[in-house]
Amino acid sequence: MADEPNPDGMNAGGEGLAGAILTIDHNALAANWRTMKFRAGSAECSAVVKGDAYGTGLARAIETFADAGCETFFVALPGEGLTARAVAPTATIYVLNGLMPGTAATYAEADLRPVLGSIAEIEEWATFCAGRGEPLAAGIHVDTGMNRLGMRLAEAAAVSGRSDLMAAFTPSLLISHLSSADDPDDKVNMLQLGRFLEARALFPKVPASLANSAGVLLGRNFCFDVVRPGIALYGGNPLSNARNPMRPVVTLQARVMQVRSVPKGDPVGYGGREHTRRPSRVAVVSLGYADGFHRLAGSSDERPGARAVIDGHDAPLIGRVSMDLLSLDVTDVPEDKVRRGTLVELIGRTISVDEAAAHAGTIGYEVLTGLGRRYARRHIGR
């Protein structure tokens, strides 16, 4: 009998057909949420699950967080909100990107709360609620210095004084977003905190939320009523220059397709950007930028690239990352440890997602959310 397809599109038990395996540890997801909840003190700890729960799978991540005790979720788009609602029928779900024009009825039918970041959005939501005769809940987004979404303080003050708007809907959360919380010494953190306190004074009865993952670690005075951890839940380091307090969630392993001997001085990969410095053994691995492993993580004669780990031995990338393949220098790995079919770790307990991102000149957020769909996915701990 043929294998039954699983929800991730791979054949059940068919990991041998995939070039790479992505393992998501749900025990680690739950433990990371509990860590954030503890650090948040009396504030409610939500979970940010946008970007397919940072590449780990939206539906399954929500189930894990809900089982751990999470009752509030943040998504970026209403489509994500609809998926979240199907998994968590009683949860509070906020849509961070706000109210898409002309779509208020869809939000209302799914009990999604738009985070309203402009006077135009507030007016549209208030008009819809008034027409419906129901003061539906929504968040209010105030910009405290990031200059992305959100109303300026003067606009928020104008809105707070308009009884026609404020009576038409139920402001259920006041939010802003910290721009530099990953650096606890950045003075902009205190500047934004001060501005948020000004905004809160405009809406004194509305619960408040300022802290993202790094914001939670800045201290209790940043936590207010609700905290919104994201990257920390998925194992990324929320702080730029400190030890990561979170457990790794994602493990990426790729399969060796061939081990070849390469003479000293020969080029490896597209463009011949790197040459062997000695007679070498090179392992060709079934993983590339089509799988979300960044091309910039490759190496050249001028600079090193990322690395893999094989049974505790480092194996540096050699040459460019191509669409479906990359090469590793396994000269220093014992021959019996690497052969056709061997799985090598590129992200996991040894190589953090932040290290892998740094080799590509990017951040862990981009690596996680860009993980491809060709992997065989293992969900463990559930």
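Before any of the text, the structure's been laid out above.
Residues numbered from 1 in each chain as written. Predicted model: local features only at pLDDT ≥ 70, side-chain atom pairs only at ≥ 80, totals over all residues. Heavy atoms only, no water.

Caption draft 1: Layout of the overall build of the protein. Scanning the protein from N- to C-terminus turns up 12 helices and 19 strands. Taking the principal axes of the C-alpha coordinates as reference, the protein spans close to 80 × 55 × 35 Å. Within the protein, the proportion of its 382 residues that are buried is 52%. Long-range pairs, those at least 24 residues apart, make up 66% of the contacts in the protein between residues at least 6 apart in sequence. (Helix = DSSP H or I, 4+ residues; strand = E, 2+ residues; numbered from the N terminus. Buried < 20%, exposed > 50% of the residue type's maximum accessible area, 1.4 Å probe, protein only. Contact = heavy atoms within 4.5 Å.)

Caption draft 2: Region of interest: the pairing of strand β16 (residues 313–316). Pairing geometry for strand β15 (residues 307–310) and β16, over four bridges, is antiparallel. Counted as the bridge partner of Ala-308 is Ala-315 from β16. (Pairing = 2+ DSSP bridges.)

Caption draft 3: Broad picture of the pattern of salt bridges. Counting across every chain of the model gives 15 salt bridges. Ionic pairing is found between Arg-132 and Glu-134, a salt bridge with its closest N-O pair at 2.9 Å. Exposure remark for Arg-132: the relative accessible area of 41% places this residue in the partly exposed category. By relative accessible area, which is 35% here, Glu-134 ends up partly exposed. Among the ionic pairs, Arg-374 bridges to Asp-291, the shortest N-O distance being 2.9 Å. (Salt bridge = Lys/Arg side-chain N within 4 Å of Asp/Glu carboxyl O.)

Caption draft 4: Fine view of the state of the cysteines. In this structure the tally under the stated criterion is zero disulfides. No disulfide involves Cys-70; its nearest neighbouring cysteine sulfur is the one of Cys-45, lying 6.5 Å away. Assessed through its relative accessible area of 5%, Cys-70 is described here as buried. (Disulfide = S-S within 2.5 Å.)

By themselves, these figures tell us nothing about what the structure is for.
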